[in-house]
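Structural description and commentary
What follows is each chain in one-letter form.
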Amino acid sequence: MKTLIVYDSVFGNTEQIAQAISNSLGPKEHVETLRVHDVKIEKITGLDLLIVGSPTRGFRPTKAITNFLKRIPSNGLKGVKVAAFDTRISLSDIKSSVLRTIVKIGGYAARSIANRLKKNGGNLTMPPEGFLVTGEKGPLKKGEIERAADWAKLVIKE
Ligand SMILES: Cc1cc2nc3c(=O)[nH]c(=O)nc-3n(C[C@H](O)[C@H](O)[C@H](O)COP(=O)(O)O)c2cc1C
């Protein structure tokens, strides 16, 4: 199974999750893990599985991830399994209840990544997933690396 993991990361937390996902997959998955800035769009040709992850910034993926998704031709992911993840602030770590409500209502990057991947023909294997950080710059909440590794196993099982 030819697998590509594309991620963006400003403070390094999403990168840690992408690496955990990558490490969790076996040699059979032939995984390549690339930061979005290093991905040429030709890379998606011939893939069996594409996993895309981004920090949630203003309820959305980063600009670089959005631009990458826009560069995928329509139906360019036909027959390809896809999955999406993000990192996001844990609601329990937001002190202001107003801000908590805004963040909750605003939504998260993984859902819009997943929608875009599906729009381009991809078969979503698992619901979009979010991994939690404890503050604006991180760090990741305890146990999130392990949860990412478990999630990756489910993605390839489906
Ligand atoms: C400008 C900015 C906007 C953010 N917007 C959101 C948001 O809308 N929702 C959320 O849950 N977290 C938000 N965060 C927290 C980020 O999700 C957090 O910085 C990210 O998970 C860290 O990942 P990274 O280390 O890979 O950059 C924001 C952080 C910054 C700096």
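So, a few notes on the structure that sits alongside this text. (Residues numbered from 1 in each chain as written. Predicted model: local features only at pLDDT ≥ 70, side-chain atom pairs only at ≥ 80, totals over all residues. Heavy atoms only, no water.)

The subject of this paragraph is the site of the ligand. Close contacts around the ligand come from 18 residues, with Ser9, Asn13, Thr14, Thr87 and Glu136 the closest. A distance of 2.8 Å is found between an oxygen atom of the ligand and a backbone nitrogen or oxygen belonging to Thr56. Within the side chain of Thr87, one N or O atom sits 2.6 Å away from an oxygen atom of the ligand. Out of a free accessible area of 630 Å², the ligand has 87% covered by protein chains. One can see that the ligand is located within the largest pocket. Elements that contribute at least two residues to the shell around the ligand include exactly α1 (13-24) and β4 (81-89). Broken down by element, the shell around the ligand gets its largest block of residues, three residues, from β4. (Near = heavy atom within 4 Å. Polar contact = N/O pair within 3.5 Å; in protein donor to acceptor, adjacent residues only side chain to side chain. Areas by Shrake-Rupley, 256 points an atom, 1.4 Å probe, with all protein chains shown as cover. 1 Å grid on protein atoms, 1.4 Å probe; cavity = no way out; pocket = protein on both sides within 12 Å on 5 of 7 lines; lining within 4 Å. Sits in = over half its atoms within 2 Å of the grid points. Helix = DSSP H or I, 4+ residues; strand = E, 2+ residues; numbered from the N terminus.)

When you tally the buried positions in strand β3 (residues 49-55), you get seven out of seven residues, the bulk of the element. Burial of β3 is two-sided: the residues Leu49, Ile51, Gly53 and Pro55 facing one way and the residues Leu50, Val52 and Ser54 facing the other way are all buried. Direction of pairing for strand β1 (residues 3-7) relative to β3: parallel, over a ladder of five bridges. Looking across to β3, one finds that Leu4 is bridged to Leu50. (Buried < 20%, exposed > 50% of the residue type's maximum accessible area, 1.4 Å probe, protein only. Pairing = 2+ DSSP bridges.)

Turning next to the packing of aromatic side chains. Tallying each qualifying case throughout the model produces three aromatic pairs. Here Phe85 and Phe131 contribute two aromatic rings whose centre-to-centre distance is 6.2 Å and whose plane-to-plane angle is 70°, an arrangement assigned as edge-to-face. Taken together, the positions of Phe85 in strand β4 and Phe131 in strand β6 (residues 129-133) put the pair 46 residues apart, joining distant regions of the chain. A single burial state applies to Phe85 and to Phe131, both of which are buried. Here Phe85 and Trp151 contribute two aromatic rings whose centre-to-centre distance is 6.0 Å and whose plane-to-plane angle is 70°, an arrangement assigned as edge-to-face. Linking Phe85 in strand β4 with Trp151 in helix α5 (residues 144-157), this pair joins segments that are 66 residues apart in sequence. Neither Phe85 nor Trp151 differs from the other in exposure class; each is buried. The structure contains a cluster of three or more aromatic residues connected by ring pairs, namely Phe85, Phe131 and Trp151. (Phe/Tyr/Trp six-rings, centres within 6.5 Å; stacked < 30°, edge-to-face > 60°.)

A few words now on the pattern of salt bridges. For the structure on display, the rule yields six salt bridges. Residue Arg147 is joined to Glu129 by a salt bridge in which the shortest nitrogen-to-oxygen separation is 3.4 Å. Placement of Arg147 in helix α5 and of Glu129 in strand β6 is noted, with a sequence separation of 18 residues between them. For Glu129, a relative accessible area of 23% corresponds to the partly exposed category. Across the pair Arg147 and Glu144 runs a salt bridge whose closest N-O atoms are separated by 2.8 Å. Taken together, the residues span about one helical turn, with Arg147 and Glu144 both in helix α5 at a distance of three residues. Under the relative-accessibility criterion, Arg147 is labelled partly exposed at 30%. Ionic contacts of the salt-bridge type, sharing partners, join the residues Glu129, Glu144 and Arg147 into one network. (Salt bridge = Lys/Arg side-chain N within 4 Å of Asp/Glu carboxyl O.)

Function-wise, these values are silent; they only describe arrangement.
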